[in-house]
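# Structural overview for review
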Amino acid sequence: MESVLFLGENESAFLNVLGGNYLGVGRILSLGVILISVFILMRKNNKKTTIFGLFLLTAYLYVMFVSGGRGPLVSLVPLLILLAYVSFNKQGGQLALTKKFIPSALAVFLAVIGIINLLNSDKVPQGLKRFLLLFEGNSMGDSADTRLYFYAQSFDLWKESFFFGNGIGSWPVMMGIGDKRGYPHNIFYEVGSELGVIGLAVLVILMYMSIHMLFTNFKQDIYKAAILMLFLSMFINTMVSGDLSDNRFLFTTLGLMCYQNSFKQTTNVMNNRLIEERGLNN
């Protein structure tokens, strides 16, 4: 609500509310969009719940499109995987449409129509305007061009100290920015340049083990599906924005992926304990 009020009073400004900027708000909203989408698509809900969820989705997406953040928008790509997963089912070795196909296709269609209308409006939203810069001419905008420059320089820094890197926090110093906060906006380039191949190996192993644990006995579980979507979203974010601290949401999803007990299993354990306690009391 604070974001909507801010955007109503500052149509062409970057979102800046509740002590955070447009990227922080965009990331939180992207988490909300994914969780609500999983809830609607993978669970049987009554009409009131579904309508309320769709209302929230519309509000969240609107703020994301007009706020100015491109990373959070790109991080919603995993939702297309989810839509395809719930829309198609394998039967007899062939793909067949499910009941979710029509609402999923309708949602994508309405989203495209909404984006086209926004692009044709008198005032194109800040987020869409910046996103279009990625596809216009030789320049992708100052922000994107700067990131590409940072990537190239970070790779050169990594080559200078391949195994051990240049030390934690060394990236801005080596780049001539000074001994202050600075980062290449890509978690692998950041870790590679500061911690070398050893740090990269630790990061990759951590991700691999978390993914492996998630897919151990992986079934159609709404909780695991939500965690997987959140991980993919946050992983995309780490490729284009933030440093290790900013990308703490990624490590949160890695921790959740390592947690094996489902809600159903936890509930059964709690019920068994209650039965045992009542038996002892009796």
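Computed from a prediction, not measured in an experiment: that's the story for all the values here.

What follows concerns the overall build of the chain. When its secondary structure is counted, the chain shows 13 helices and 4 strands. For the chain, the proportion of its 282 residues judged to be buried stands at 36%. Taking the contacts inside the chain whose residues are at least 6 apart along the sequence as the reference set, 65% of them involve residues at least 24 apart.

Attention now goes to the pattern of salt bridges. All chains considered together, the criterion is met by 3 salt bridges. One salt bridge in this structure joins Lys159 and Asp156, with 3.5 Å as the shortest N-O distance. Here Asp156 and Lys159 lie together in helix 8 (residues 142–160), a separation of 3 residues that amounts to about one turn. The partner of Arg181 in a salt bridge is Asp243, with the nearest N and O atoms 3.5 Å apart. Of this pair, Arg181 sits in the loop between helix 9 (171–174) and helix 10 (187–215) while Asp243 sits in the loop between helix 11 (222–240) and helix 12 (248–258); the two residues are 62 residues apart in sequence, bridging distant segments of the chain. You can call Asp243 buried: its relative accessible area is 9%. Bridged by salt links that share partners, the residues Arg181, Asp243 and Asp246 form one connected network.

So, on to the side chain of Arg147. Take Arg147: it is sitting in helix 8. The buried charged residue Arg147 lacks any salt bridge, with Asp246 as its nearest oppositely charged partner at 9.0 Å. Among residues more than four places away in sequence, those in contact with Arg147 are His185, Val240 and Ser241.

Turning next to the packing of aromatic side chains. In total, this model carries 8 aromatic pairs according to the counting rule given. Geometrically, the ring pair formed by Tyr149 and Phe150 is tilted, given 6.1 Å between the ring centres and 45° between the ring planes. Residue classification places Tyr149 among the partly exposed residues on the basis of a relative accessible area of 46%. Its relative accessible area of 14% is what places Phe150 among the buried residues. Note on Phe188 and Phe235: the rings are 6.1 Å apart at their centroids and 70° apart in plane angle, and the pair reads as edge-to-face. Taken together, the positions of Phe188 in helix 10 and Phe235 in helix 11 put the pair 47 residues apart, joining distant regions of the chain. The partly exposed category is assigned to Phe188, whose relative accessible area is 24%. Connected via pairs of aromatic rings, a cluster forms that spans Phe155, Trp158, Phe162 and Phe163.

Orientation of helix 2 (residues 22–41) relative to helix 5 (residues 78–87), taken along the N-to-C sense of each, is 0°, at an axis distance of 11 Å. On the basis of the axis angle, helix 2 is roughly parallel to helix 5. On the side of helix 2, the interface is formed by Val33, Ile34, Ser37, Val38 and Leu41, while helix 5 contributes Leu79, Leu82, Leu83 and Val86.

Attention now moves to unusual backbone geometry. Trans is the prevailing form of peptide bonds, just as negative phi is the prevailing case for residues other than glycine. Of note in the backbone geometry, His185 takes a positive phi value of approximately 65° without being a glycine. His185 gets classed as buried once you look at its relative accessible area, which sits at 14%.

With that settled, consider the packing of helix 10 against helix 11. One way to put it is that helix 10 packs onto helix 11 with a least axis distance of 13 Å and a crossing angle of 170°. On the basis of the axis angle, helix 10 is roughly antiparallel to helix 11. Classified by chirality, the crossing of helix 11 by helix 10 is left-handed. Residues Ile187, Phe188, Met207, Ile211, Leu214 and Phe215 of helix 10 form the contact with helix 11, whose participating residues are Lys224, Leu228, Phe231, Phe235, Thr238 and Met239. For the contact of helix 10 with helix 11, the per-class residue count stands at 10 nonpolar, 1 polar and 1 charged.

Here we come to the nonpolar core. With 42 residues, the main nonpolar core has Ile34, Val38, Met42 and Leu82 as its most contacted residues. Mapped by element, the contributors of at least two residues to this core are helix 1 (2–9), helix 2, helix 3 (47–67), helix 5, helix 10, helix 11 and helix 12. With 9 residues, helix 2 is the largest single contributor of residues to this core. When residues no more than four places from it in sequence are discounted, the contact partners of Ile34 are Ser75, Leu76, Leu79, Met229, Leu230 and Ser233.

With that settled, consider the confidence of the model for the chain. Per-residue pLDDT for the chain has a mean of 79; in total, 77% of the residues score no lower than 70. For the chain, per-element mean pLDDT is lowest for helix 13 (residues 263–281), which scores 58, and highest for helix 10, which scores 92.

Definitions and limits used
- Residues numbered from 1 in each chain as written.
- Predicted model: local features only at pLDDT ≥ 70, side-chain atom pairs only at ≥ 80, totals over all residues.
- Heavy atoms only, no water.
- Helix = DSSP H or I, 4+ residues; strand = E, 2+ residues; numbered from the N terminus.
- Buried < 20%, exposed > 50% of the residue type's maximum accessible area, 1.4 Å probe, protein only.
- Contact = heavy atoms within 4.5 Å.
- Salt bridge = Lys/Arg side-chain N within 4 Å of Asp/Glu carboxyl O.
- Lys, Arg positive; Asp, Glu negative; His and termini not counted.
- Phe/Tyr/Trp six-rings, centres within 6.5 Å; stacked < 30°, edge-to-face > 60°.
- Axes fitted to C-alpha atoms, helices over the stretch in contact; angles between N-to-C directions.
- Parallel < 35°, antiparallel > 145°, perpendicular 65-115°, else oblique.
- Left-handed = near helix turned anticlockwise from the far one by under 90°.
- Nonpolar A, V, L, I, M, F, W, Y, C, P; charged D, E, K, R; others polar.
- Core = buried A, V, L, I, M, F, W, Y, C linked by side-chain atoms within 4.5 Å.
- pLDDT = per-residue confidence, 0-100.

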